[in-house]
Amino acid sequence: GANLHARGVHTGFDFLGKPAITPVFNSPLEFQPGVDTFATAFLAGALNTLKLTAASIVLATVLGLIVGLGSLAHNPLARSLARAYVELMRNVPVLLHVAFWYGLLLELPAASESTGSLFLASNRGIFLLPTVDGLDVHGVVSMSPEFAALLVGISLYTAAFIAEIVRASVGALPRGQLEAASALGLSRSAILRRVLGPQALRVGLPPLASEYIGIFKNSTLAVAIGYQDFMAVSETMLTDTGQAVEIMAIAMLFYACVSLLVSAAMHAFEQRHRRWGLA
């Protein structure tokens, strides 16, 4: 410790209470550089990561459910399109998905050249109910190009794997149940919702939990396009303070804790459905 101090290298977590000099954008928590502390910067980055993760989980689940059910449809065209989507998306690295959508968003027209009173897509981001004042654009809902690229890229990629989980989970159920439900006169949607769905949920929950944790881990790709998630803030903070061990320890603890919490939440969800007799 004495040798490190002699070289001007400080250890410990005292730096967390000092003002951070690098701004953190797009966070639900307002951050003022030079005023707010490094601990606040960590919190702002964590909220950015959790915001991206939650939005990606919702979008990937909806898309995966649609594509998965499409692969089980009687219509040959729907089945072919669903399977083509799965093969295309899951065989392209997720980083390329993100980079593609980020490049595409940056090629959109400037906000001043775009039209639309309800929805605006420009190289400044995506806005709902926008107001444009010169270079400033505001909306009831807004997404920066970086957030939108990560959301779309990660969601489209993960949806392909969720679709396979849906297809495999429904396909693993005894065919006799489908035939019995059909004999009772239930519609196909009612069979999926009341008979096959609850049972398939039990089969699909463990791999689905893995995909959700994968979304959280893939959020670290944000550093590749400049979105200030927890990892990007950590790397910036490392440059500003030089305290690599402490910062990496905090980052590892954050990602481990959130992954464990997601896993525990999915397990609790599964147990609740078992108690209700739905799985």
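Conventions used here
- Residues numbered from 1 in each chain as written.
- Predicted model: local features only at pLDDT ≥ 70, side-chain atom pairs only at ≥ 80, totals over all residues.
- Heavy atoms only, no water.
- Helix = DSSP H or I, 4+ residues; strand = E, 2+ residues; numbered from the N terminus.
- Polar contact = N/O pair within 3.5 Å; in protein donor to acceptor, adjacent residues only side chain to side chain.
- Contact = heavy atoms within 4.5 Å.
- Core = buried A, V, L, I, M, F, W, Y, C linked by side-chain atoms within 4.5 Å.
- Buried < 20%, exposed > 50% of the residue type's maximum accessible area, 1.4 Å probe, protein only.
- Expected span 1.5 Å × (residues − 1).
- Bend = angle between axes of the 7 residues up to and from the residue.
- Pairing = 2+ DSSP bridges.
- Axes fitted to C-alpha atoms, helices over the stretch in contact; angles between N-to-C directions.
- Phe/Tyr/Trp six-rings, centres within 6.5 Å; stacked < 30°, edge-to-face > 60°.
- Lys NZ or Arg CZ within 6 Å of the ring centre and 35° of its normal.
- Patch = residues over 30% accessible without salt bridge, like charges linked within 9 Å, V, L, I, M, F, W, Y side chains within 5 Å.
- Areas by Shrake-Rupley, 256 points an atom, 1.4 Å probe, with all protein chains shown as cover.
- Salt bridge = Lys/Arg side-chain N within 4 Å of Asp/Glu carboxyl O.

Draft legend 1. Structural context of the side chain of Gln 228. Structurally, the position occupied by Gln 228 is in the loop between helix H7 (188–218) and helix H8 (230–241). Of note is the side chain of Gln 228, whose polar atom sits 2.6 Å from the backbone nitrogen of Phe 25. Setting aside chain neighbours within four positions, we find Gln 228 in contact with Pro 23, Val 24, Phe 25, Gly 45, Asn 48 and Val 233.

Draft legend 2. The arrangement of the nonpolar core in detail. One finds Leu 150, Tyr 212, Phe 230 and Met 237 to be the most contacted residues of the largest nonpolar core, which totals 49 residues. With 9 residues, the top contributor of residues to this core is helix H5 (residues 145–171). Leave out the neighbours within four places in its chain, and Phe 230 touches Phe 42, Gly 45, Ala 46, Thr 49, Ile 250, Ala 251, Phe 254 and Tyr 255. Membership of the second largest hydrophobic core comes to 9 residues, among which are Val 67, Ala 82, Met 89 and Ala 163.

Draft legend 3. Main features of H5. Compared with the 39 Å implied by 1.5 Å per residue over 27 residues, the 39 Å span of H5 between its first and last C-alpha is a close match. At Ala 159, H5 is deflected by roughly 25°, the largest bend along its length. Counting buried positions along H5 gives 21 out of 27 residues, so the element sits mostly inside the fold.

Draft legend 4. Representation of the sheet that holds strand S1 (residues 119–122) in the model. Strand order in the open sheet formed by 3 strands is S1-S2-S5, and the pairing between neighbours is antiparallel. Looking at which strands have only one partner, the edges of the open sheet turn out to be S1 and strand S5 (141–143). Across the sheet, the mean angle separating the axes of adjacent strands is 5° when strand polarity is ignored. Relative to S5, strand S2 (residues 125–128) is paired through 3 bridges, and the arrangement is antiparallel. Pairing of Phe 127 across the sheet is with Ser 142, part of S5. H5 contacts S2 and S5 of the sheet and is inclined by roughly 85° relative to S5.

Draft legend 5. Representation of H8 in the model. End to end, H8 covers 16 Å across 12 residues, agreeing with the expected 16 Å (1.5 Å per residue, within 8%). Turning to H8, its buried residues number three or more, namely Phe 230, Met 231, Ala 232, Val 233, Ser 234 and Met 237. Count one or two residues on from H8 and you reach Gly 242, which has phi positive near 75°.

Draft legend 6. Broad picture of the packing of aromatic side chains. Taken as a whole and judged by the stated rule, the model has 10 aromatic pairs. Centre to centre, the rings of Phe 216 and Tyr 255 are 5.1 Å apart; their planes meet at 40°, and the pair counts as tilted. Of this pair, Phe 216 sits in helix H7 while Tyr 255 sits in helix H9 (residues 244–275), and the two are 39 residues apart along the sequence. Each member of the pair, Phe 216 as well as Tyr 255, carries the same accessibility label: buried. One aromatic cluster is present, built from ring pairs that chain together Phe 42, Phe 216, Phe 230, Phe 254 and Tyr 255. Directly above the ring of Phe 147 sits Lys 51, whose terminal nitrogen or CZ lies 5.2 Å from the centroid.

Draft legend 7. Region of the structure containing a nonpolar patch on the surface. Together, Leu 118, Phe 119, Leu 128, Leu 129, Val 140 and Val 141 make up a nonpolar patch on the protein surface, roughly 570 Å² of accessible area in all. You can see Leu 118 is positioned in the loop between helix H4 (94–106) and S1. Since its relative accessible area comes to 55%, Leu 118 is described here as exposed.

Draft legend 8. Up close: the pairing of S2. Pairing of S1 with S2 involves 4 bridges; the strand directions are antiparallel. For Ser 122, the partnering residue across the bridge sits in S2 and is Gly 125. Between the end of S1 and the start of S2, which pair antiparallel, lie 2 residues.

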